[in-house]
Amino acid sequence: MKQKGFTLVELLVALPIGALLLASIVAGVFLIPRGTIEVRNSTAALADLENIAHWLNRDIVMGQETSMVAGTQPVTSVNVSWNDYTGGPGSSIAHYVRYYTSGTQLLREYDGAANFTIAGRNLSYVGFSINSGGLVTVNLTTSPAGPRQKTISRSYNIQILGIQ
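Residues numbered from 1 in each chain as written. Predicted model: local features only at pLDDT ≥ 70, side-chain atom pairs only at ≥ 80, totals over all residues. Heavy atoms only, no water.

Peer 1: I'd like a rundown of unusual backbone geometry, residues and numbers included.
Peer 2: Backbone geometry places N122, a non-glycine residue, at a positive phi of 55°. Position of N122 relative to the elements: it lies in the loop between β5 (117–120) and β6 (123–130). For N122, a relative accessible area of 42% corresponds to the partly exposed category. (Helix = DSSP H or I, 4+ residues; strand = E, 2+ residues; numbered from the N terminus. Buried < 20%, exposed > 50% of the residue type's maximum accessible area, 1.4 Å probe, protein only.)

Listed below in structure tokens is the structure:
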């Protein structure tokens, strides 16, 4: 007569294999939210850097004068000014923008307004420099918050059109 069931040897082999599979599944379930948070933080940091690049490109390309001096060390704040002649012959509107750091934020002040725009957050380094031909180099480094911080650095080159 044949008995149905598992032998002791089969159970001793199957139990460790099942335990390994269960441990792998449980570990995977706990790692998914952690990875999602890290990806979300990195994506937010990259979007923030691209937002900064948008503002800088918008303002610096129009510049005719700047507070930067060619050949000096990078600075953490910059002033750029220009005249807008689009109002017609003989009309001119002066514009002024100032970028400066406050803690881990890059702030943008436009035309001396009392209020400012937060151009970027979570910055650990901001450096503005210019060469003799009017090419502005902006170096930015951010470290988004998260369980494992990953530093993201970007460098942007923007030509000031008013300086030749």
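And the narrative resumes.
Peer 1: Explain the side chain of D59 to me, using residue names and the numbers behind them.
Peer 2: Locating D59 in the fold gives a position in helix α1 (residues 8–60). Not counting residues within four places of it along the chain, the set of residues in contact with D59 comprises V80, W82, V97, Y99 and R108. (Contact = heavy atoms within 4.5 Å.)

Peer 1: So what about the pattern of salt bridges? Which residues, and what values?
Peer 2: If charged atoms from side chains of opposite charge come close, those side chains can pair. One pass over the structure, following the stated rule, counts 3 salt bridges. Put simply, D59 and R108 hold a salt bridge, and the shortest N to O gap is 2.7 Å. Of this pair, D59 sits in helix α1 while R108 sits in strand β4 (residues 105–110); the two residues are 49 residues apart in sequence, bridging distant segments of the chain. Summarising the burial analysis for this pair, D59 and R108 share the class buried. Residues E109 and R98 are paired through a salt bridge, measuring 3.5 Å at the closest nitrogen-oxygen approach. With E109 in strand β4 and R98 in strand β3 (residues 93–102), this residue pair connects regions lying 11 residues apart in the sequence. (Salt bridge = Lys/Arg side-chain N within 4 Å of Asp/Glu carboxyl O.)

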